[in-house]
Amino acid sequence: MIEVIQGDITKINADAIVNAANTSLLGGGGVDGAIHKAGGPDILEECIDIRNRQGGCKVGESVITTGGNLPAKFVIHAVGPVWNGGKKNEDVLLANAYINSMKLASENGVKVLAFPNISTGIYHFPKDRAAVIAIHTVREFLSDFGGIEKVIFVCYDAENFELYTSLINE
Ligand code: AR6
């Protein structure tokens with residue numbers, strides 16, 4: 001039910017891919033920039049509509065849009081926490097970003113869902129700590145709720161790929 005691959009999430013053939021977005025929902029660098037670039041303007045247009053309705057997206061929460069030109073039908077924009085030394089509830093907020101994304105995926109009939117390593121780039125969450133949280137949170141959700149059949153962790157950098165591979169095989 002859990003797969004780990006190294007690659008570019010914009011190329012993944014899943015029902016939905018998750019974006020590591022920010023509270024503005026207006027795009028940015030990293031995987032967010034790559035998703036908007038590959039997916040085209042329809043994604044940003046829906047993000048702007050959501051922003052106009054609800055004023056962006058809080059840390060730990062997520063919203064769903066079309067996948068635009070991507071192979072995936074949907075993009076789930078999750079906002080992870082900025083790493084601030086670990087005393088600002090970062091662990092819980094990161095877990096919430098995964099949980100809320102999986103909830104949205106389930107509600108939208110997603111069977112195959114791909115995650116990037118949320119918060120471990122520009123937001124500087126320690127990669128090893130984030131990997132433990134991500135895997136634990138996804139495993140727990142998949143065992144407690146039906147609906148999602150497969151979660152793919154798409155690691156872009158070699159460090160994350162090695163971390164995920166060894167943690168999954170433990
Ligand atoms: N496919 C998969 N993973 C990728 C890709 C890709 N194409 N490109 C980068 N990554 P980051 P964050 C990995 O910085 O830390 C944006 O400006 C990357 O190696 O994209 O959550 C947003 O708008 C890293 O492991 O997101 C926010 O402002 C992971 O994706 C802010 O960055 C996350 O790195 C969010 O920061």
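Preceding this section is the structure that the text describes.
As the structure is a computational prediction, the values presented were derived from the model and not from experiment.

This brings us to the site of the ligand. For the ligand, the set of nearby residues contains 23 residues, the closest of which are Asn22, Gly29, Val31, Asp32 and Ile122. Asn22 has a polar side-chain atom sitting 2.7 Å from an oxygen atom of the ligand. In the model, an oxygen atom of the ligand is placed 2.8 Å from a nitrogen or oxygen of the Ile122 main chain. With the chains in place, 91% of the 700 Å² that the ligand exposes on its own is no longer accessible.

You will see that Ser119, though not glycine, has its phi angle at about 75°, which is positive. The backbone phi angle of His124 is positive, close to 60°, even though this residue is not glycine. With respect to the helices and strands, the residue His124 is situated in the loop between β5 (112-115) and α4 (127-144).

This paragraph deals with the pairing of strand β2 (residues 16-21). Two faces belong to every sheet, and in a regular strand the side chains alternate between them. Of all 6 residues making up β2, 5 are buried, and the element is well covered by its neighbours. Inspection of the sheet shows β2 paired to strand β4 (residues 74-79) by 6 bridges, in the parallel sense. Across the sheet, residue Ala16 finds its bridge partner in β4, namely Phe74. Here 2 bridges tie β2 to β5, and the two strands are oriented parallel to one another. Considered in β5, the bridge of Ala16 is made with Leu113.

Mapped onto the secondary structure, Thr137 falls in helix α4. Beyond its immediate sequence surroundings of up to four residues, Thr137 is in contact with Ala95, Tyr98, Ile99 and Met102.

Since one α-helical turn is 3.6 residues long, residues separated by three or four positions face the same way. Taken together, the buried positions of helix α5 (residues 158-168) are Asn160, Leu163, Tyr164, Leu167 and Ile168. The arc that holds the buried residues of α5, viewed along the axis, is 120°, so those residues lie on one side. Summarising the contacts, the buried residues of α5 are in contact with β1 (2-6), α3 (90-107), α4 and β6 (150-155).

What follows covers α3. An ideal rise of 1.5 Å per residue puts 26 Å on 18 residues; α3 measures up with 26 Å between its terminal C-alpha atoms. Here α3 has its buried residues at Glu90, Leu94, Ala95, Ala97, Tyr98, Ser101, Met102, Leu104 and Ala105. A positive backbone phi angle near 75° is found at Gly109, which sits one or two residues after α3.

Moving on, we get to the environment of Ile35. Inspection of the secondary structure assignment puts Ile35 in helix α1 (residues 30-39). For Ile35, a relative accessible area of 0% corresponds to the buried category. In sequence terms Ile35 and Met102 are 67 residues apart; their C-alpha atoms lie 19 Å from each other. The contacts of Ile35, once residues within four sequence positions are left out, are Ile9, Thr10, Ile17, Val18, Asn19, Gly40, Ile43, Leu70 and Val75.

Criteria and cut-off values
Numbering of residues begins from 1 in every chain and follows the order in which that chain's sequence is written. Totals for whole chains, interfaces and linings use all residues, but because this is a predicted model, local features are given only for residues with pLDDT of at least 70 and pairs of side-chain atoms are given and counted only at 80 or more. Side-chain metrics in this entry use all non-hydrogen atoms of the structure; hydrogen atoms and water are not considered. What makes a residue near a molecule or strand is one non-hydrogen atom of that residue sitting within 4 Å of it. Any pair of N or O atoms that falls within 3.5 Å is considered a polar contact. Within protein, one atom must be able to donate a hydrogen and the other to accept it, and sequence-neighbouring residues count only if both atoms are side-chain atoms. A 1.4 Å probe and the Shrake-Rupley method give the accessible areas. Residues count as covered only by the protein chains that appear here. The way it works is that DSSP assigns letters per residue, a run of H or I at least four long becomes a helix, a run of E at least two long becomes a strand, and they are numbered from the N terminus. For every residue, the accessible area obtained with a 1.4 Å probe (protein chains only) is divided by the maximum for its type, and the residue is called buried under 20%, exposed over 50%, and partly exposed between those limits. Between any two strands, at least two bridges found by DSSP are needed for them to pair. Throughout, a residue-residue contact means that at least one pair of heavy atoms, one from each residue, lies within 4.5 Å. By definition, the arc is the one covered by directions from the helix axis to the C-beta atoms. Each residue after the first adds 1.5 Å to the expected span of a helix.

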